[in-house]
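Architecture at a glance
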Amino acid sequence: MGTFNYENEQFFLNGEPIQILSGSIHYFRTVPEYWRDRIQKLKECGFNTLETYICWNLHERKEGQFDFTGMLDLGRFIDIANELGLLCIIRPGPYICAEWDYGGLPSWLLTHRDMRIRCMDEKFLEKETRYLDKIFEIIRPRLITNGGNVIMVQCENEYGYYGDDKEYLNYLREGFVRRGIDVPLFTSDGTSKEDLLDGTVDGCLATLNFGSRVEENFKAHDELFPDSPKMCMEMWN
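1. As for the overall build of the chain
Each helix and strand counted, the chain has eight helices and 10 strands in total. Here the C-alpha atoms of the chain give a radius of gyration of 17 Å, agreeing with the 18 Å that 2.2 N^0.38 yields for 237 residues. Looking at the chain as a whole, 53% of its 237 residues are labelled buried. As displayed, the chain offers around 11,200 Å² of accessible surface, 48% of which is attributable to carbon and sulfur atoms.

In structure tokens:
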């Protein structure tokens, strides 16, 4: 068992300061035969952490039928990273964007024409809860607090671009905690003040997505979260 937490502007792993150097490999975009090779290469590039989204639409192609085999064996993917000495950041969404069909939401949601997504719609919450229950069965035993290597879990994704339903974000965060996800939770949003005000929620570390001009892009973050670690969750060139 271990610990990962943050205080002021610093992350701590088992009580020692650490700088997170994270690279992204999406298991669902890489055949399993290449997982170990690709993760090993990530480590050899100097990274200490592996990050991945989770794709709801592949794990539940048909409503109520889940698949975690083969290319969708998320547990095995995380375990390989652990065997190679890498920490993990997990981003289950349920909406992930990721330049992925419908942002990772299953297309069968569209057959429920009276349902609204990514908000406090009871029908959507029922289906979202079923998905997250399955995902957290895999993630929970792999948390660093349970002897694994998962140090952070994301709540929603880029919600500030979409809406500002704080009741929904709080519902999600509380659901993560209630299911035993006791590592730091985080949100990930654009860099404007509006994005951060809309997409962040108490109890989740606010991280940013941007591609350049670091000081400029952290300006609103520094104003709103002056005593928080600075982390770019997605950096593109």
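2. Description of helix H1 (residues 35–44)
Every buried residue belonging to H1 is among Trp35, Ile39 and Leu42, and all of these are buried. Buried residues of H1, viewed axially, fall in a sector of 50 degrees; they line one side. Looking at the buried residues of H1, the elements they touch are strand E4 (22–24), strand E5 (49–53) and helix H3 (74–83). Gly46 occupies a position one or two residues after H1 and carries a positive phi of about 105 degrees.

3. Remarks on the environment of Asn5
Structurally, the position occupied by Asn5 is in strand E1 (residues 4–7). Taking the C-alpha atoms as reference points, Asn5 and Gly190, 185 residues apart in sequence, are found 23 Å from one another.

4. Overview of the packing of helix H4 (residues 122–139) against helix H5 (residues 166–178)
It is at 11 Å that the axes of H4 and H5 come closest, and there the two elements cross at 30 degrees. What the angle tells us is that H4 and H5 run roughly parallel. The handedness of the crossing between H4 and H5 is right-handed. On H5, the residues touching Phe124, Leu125, Glu128, Thr129, Leu132 and Phe136 of H4 are Tyr168, Tyr171, Leu172 and Phe176. A per-class count over the contact of H4 with H5 returns eight nonpolar, one polar and one charged.

5. Remarks on the packing of aromatic side chains
Under the criterion given, the structure shown has 15 aromatic pairs. Here Trp56 and Tyr131 contribute two aromatic rings whose centre-to-centre distance is 4.8 Å and whose plane-to-plane angle is 15 degrees, an arrangement assigned as stacked. Residue Trp56 is located in helix H2 (residues 56–59), and its partner Tyr131 is located in helix H4; the two are separated by 75 residues in the primary sequence. Accessibility expressed as a relative area gives 0% for Trp56, which makes it buried. You can call Tyr131 buried: its relative accessible area is 0%. With centroids separated by 6.4 Å and ring planes inclined at 45 degrees, the aromatic side chains of Phe124 and Tyr168 adopt a geometry described as tilted. Here Tyr168 lies in helix H5 and Phe124 lies in helix H4, a separation of 44 residues in the sequence. Tyr168 carries the same exposure label as Phe124, and that label is buried. These aromatic residues form a ring-pair network of at least three members: Trp56, Trp108, Phe124, Tyr131, Tyr159, Tyr162 and Tyr168. If you follow Arg118 out to its NZ or CZ, it ends over the ring of Tyr162, 4.2 Å from the centre.

6. Some points on the packing of H1 against H3
Closest axis-to-axis distance for the H1/H3 pair is 10 Å, and the angle between their directions is 45 degrees. One finds that H1 runs oblique with respect to H3. Handedness of the crossing formed by H1 with H3: right-handed. Seen from H1, the contacting residues are Trp35, Arg36 and Ile39; seen from H3, they are Arg76, Phe77, Ile80, Ala81 and Glu83. In the contact of H1 with H3, the residues fall into five nonpolar, no polar and three charged.

7. A word on the sheet that holds strand E9 (residues 205–210)
The seven strands are arranged E4-E5-E6-E7-E8-E9-E10 in an open sheet whose pairing can be described as parallel. In this open sheet, the two edge strands, each paired with only one partner strand, are E4 and strand E10 (232–235). Adjacent strand axes in the sheet meet at a mean angle of 30 degrees, parallel and antiparallel pairs treated alike. Pairing geometry for E5 and strand E6 (residues 87–91), over five bridges, is parallel. Looking at the pairing, Thr52 lines up with Ile90 of E6.

8. Digging into unusual backbone geometry
Cis geometry marks the peptide bond from Gly93 to Pro94; its omega dihedral reads 20 degrees. Mapped onto the fold, Pro94 is located in the loop between E6 and H4. Unusually for a residue other than glycine, Cys97 sits at a positive phi of about 60 degrees. Considering the arrangement of structural elements, one finds Cys97 in the loop between E6 and H4. Owing to a relative accessible area of 21%, Cys97 belongs among the partly exposed residues under this scheme. Non-glycine residue Tyr102 carries a positive phi angle of around 55 degrees.

Scoring rules and cut-offs
Residues numbered from 1 in each chain as written. Predicted model: local features only at pLDDT ≥ 70, side-chain atom pairs only at ≥ 80, totals over all residues. Heavy atoms only, no water. Helix = DSSP H or I, 4+ residues; strand = E, 2+ residues; numbered from the N terminus. Rg over C-alpha atoms; globule rule 2.2 N^0.38 Å. Buried < 20%, exposed > 50% of the residue type's maximum accessible area, 1.4 Å probe, protein only. Areas by Shrake-Rupley, 256 points an atom, 1.4 Å probe, with all protein chains shown as cover. Arc of directions from axis to C-beta. Contact = heavy atoms within 4.5 Å. Axes fitted to C-alpha atoms, helices over the stretch in contact; angles between N-to-C directions. Parallel < 35°, antiparallel > 145°, perpendicular 65-115°, else oblique. Left-handed = near helix turned anticlockwise from the far one by under 90°. Nonpolar A, V, L, I, M, F, W, Y, C, P; charged D, E, K, R; others polar. Phe/Tyr/Trp six-rings, centres within 6.5 Å; stacked < 30°, edge-to-face > 60°. Lys NZ or Arg CZ within 6 Å of the ring centre and 35° of its normal. Pairing = 2+ DSSP bridges.

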